[in-house]
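Here's the letter readout for the chains.
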Amino acid sequence: MLAITGVSFRVVEQLLTQGSTQIIVRSGNNLDAVVRLQPGDLVFVTTVGKRELKKGVSGVVATVRSVSVVHEHVVTGGDEHFEREFVAARLILNRVGSGRVREYKDCGVGRRVEVDVEMESAVSEAY
């Protein structure tokens, strides 16, 4: 599955405690993953950055509920003319469970990371 890396602790905690969250993605590494996602796909979300990702890293496995990609073009004027473009994406995610990375494939600078995740079982404390 694709990985969304470097997500804030607050967002991951919200996904864990509330079961769903919305995130805005601006990082090139993550955008390459997001543009490949469709509603219903599974995604691995972790606070660990792409460069620090390795076997054993934990995160949240979530289902993509919706994806929207926004392209913006900003022009500022005056005596000098400045132009910039950027792409951002909004993801709405629903928690499936927690997992740990078994294997990962870094597709290069500014590109996605693909992971094989082992789901962690939730053991009920009520006997």
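Our structure is the block above this text.
Residues numbered from 1 in each chain as written. Predicted model: local features only at pLDDT ≥ 70, side-chain atom pairs only at ≥ 80, totals over all residues. Heavy atoms only, no water.

Caption draft 1: Quick look at the pairing of strand β3 (residues 42-45). Pairing between strand β1 (residues 2-4) and β3: three bridges, direction parallel. Note on β3: the bridge partner recorded for isoleucine 4 is valine 45. Pairing geometry for β3 and strand β4 (residues 58-76), over four bridges, is antiparallel. Bridge assignment links phenylalanine 44 to a residue of β4, and that residue is valine 61. (Pairing = 2+ DSSP bridges. Helix = DSSP H or I, 4+ residues; strand = E, 2+ residues; numbered from the N terminus.)

Caption draft 2: Structural view of the pattern of salt bridges. Under the criterion given, the structure shown has eight salt bridges. Residue arginine 112 pairs with aspartate 32 through a salt bridge whose shortest N-O separation is 3.2 Å. Of this pair, arginine 112 sits in the loop between β5 (82-106) and β6 (113-119) while aspartate 32 sits in helix α2 (residues 28-34), placing them 80 residues apart in sequence. Side by side, arginine 112 and aspartate 32 carry an identical accessibility label, which is buried. In this structure, aspartate 116 and arginine 102 form a salt bridge, with 3.3 Å as the shortest nitrogen-oxygen distance. (Salt bridge = Lys/Arg side-chain N within 4 Å of Asp/Glu carboxyl O. Buried < 20%, exposed > 50% of the residue type's maximum accessible area, 1.4 Å probe, protein only.)

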